[in-house]
Amino acid sequence: MRGAAPTILNAANEIAVAAFLDGRIGFLDVARVVEQVLDDCSGEIGADSLDEILAADGLARRRADTAVAGVSAIG
């Protein structure tokens, strides 16, 4: 993984796992949410400074929340 991808993966995973533990999404949805967020955020933000890393984390968490809401609406 390069750039902000590790930050994005971690943030999305934290949101998705929390949603799973709260019963809002299924276990297999965790990977789907993380994959969607990684795809959505790919190349948008660099990781050359702490500010960029924090921005990537925030963006990934917001996109993961949106993805979880989409899965919850379907399920």
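Anyway, here's the lowdown on the structure attached to this text. (Residues numbered from 1 in each chain as written. Predicted model: local features only at pLDDT ≥ 70, side-chain atom pairs only at ≥ 80, totals over all residues. Heavy atoms only, no water.)

1. Things to note about the overall build of the protein chain
Across its full length, the protein chain holds 3 helices and 0 strands. Sequence-ordered secondary structure for the protein chain, helices as α and strands as β, is α-α-α. Its C-alpha atoms give the protein chain a radius of gyration of 12 Å, near enough to 11 Å, the size a compact globule of 75 residues would have. Here the protein chain holds 75 residues, and the buried ones make up 32% of them. Accessible surface, the protein chain as shown: approximately 4,600 Å² in total, 55% of it carbon and sulfur. (Helix = DSSP H or I, 4+ residues; strand = E, 2+ residues; numbered from the N terminus. Rg over C-alpha atoms; globule rule 2.2 N^0.38 Å. Buried < 20%, exposed > 50% of the residue type's maximum accessible area, 1.4 Å probe, protein only. Areas by Shrake-Rupley, 256 points an atom, 1.4 Å probe, with all protein chains shown as cover.)

2. Here we look at the packing of aromatic side chains
Counted under the stated rule, the structure contains 1 aromatic pair. Seen in terms of ring centroids, phenylalanine 20 and phenylalanine 27 are 5.7 Å apart; in terms of plane orientation they differ by 65°. Their pairing is edge-to-face. Take phenylalanine 20: its relative accessible area is 32%, and that puts it in the partly exposed class. What makes phenylalanine 27 exposed here is its relative accessible area of 58%. (Phe/Tyr/Trp six-rings, centres within 6.5 Å; stacked < 30°, edge-to-face > 60°.)

3. Observations concerning the environment of alanine 4
Within the secondary structure, alanine 4 is located in the segment before α1 (5–21). We classify alanine 4 as buried; its relative accessible area is 4%. Spatially, the C-alpha atoms of alanine 4 and isoleucine 53 are 6.4 Å apart, while their sequence positions differ by 49 residues. Leaving out residues up to four positions away in the same chain, alanine 4 has contacts with Ile45, Gly46, Ala47 and Ala56. (Contact = heavy atoms within 4.5 Å.)

4. A word on the side chain of aspartate 29
Tracing the chain through its elements places aspartate 29 in helix α2 (residues 27–41). Of note is the side chain of aspartate 29, whose polar atom sits 2.9 Å from the backbone nitrogen of glycine 26. Here the side chain of aspartate 29 touches arginine 32 through a polar contact of 2.9 Å, side chain to side chain. (Polar contact = N/O pair within 3.5 Å; in protein donor to acceptor, adjacent residues only side chain to side chain.)

5. Regarding the pattern of salt bridges
Overall, the coordinates contain 4 salt bridges when judged by the stated rule. When the shortest N-O distance is used, the salt bridge between aspartate 29 and arginine 32 registers 2.9 Å. Of the two residues, aspartate 29 and arginine 32 both sit in helix α2, 3 residues apart, roughly one turn of that helix. According to the relative accessible area criterion, aspartate 29 is buried, its value standing at 17%. Note that aspartate 57 is salt-bridged to arginine 61, the shortest N-O span being 2.7 Å. With aspartate 57 and arginine 61 both in helix α3 (residues 50–74) and 4 residues apart, the pair spans about one turn of that helix. On the accessibility criterion, arginine 61 (24% relative accessible area) is partly exposed. Linked by salt bridges that have partners in common, Glu14, Asp57 and Arg61 make up one network. (Salt bridge = Lys/Arg side-chain N within 4 Å of Asp/Glu carboxyl O.)

Any functional reading would require information that these geometric values do not contain.
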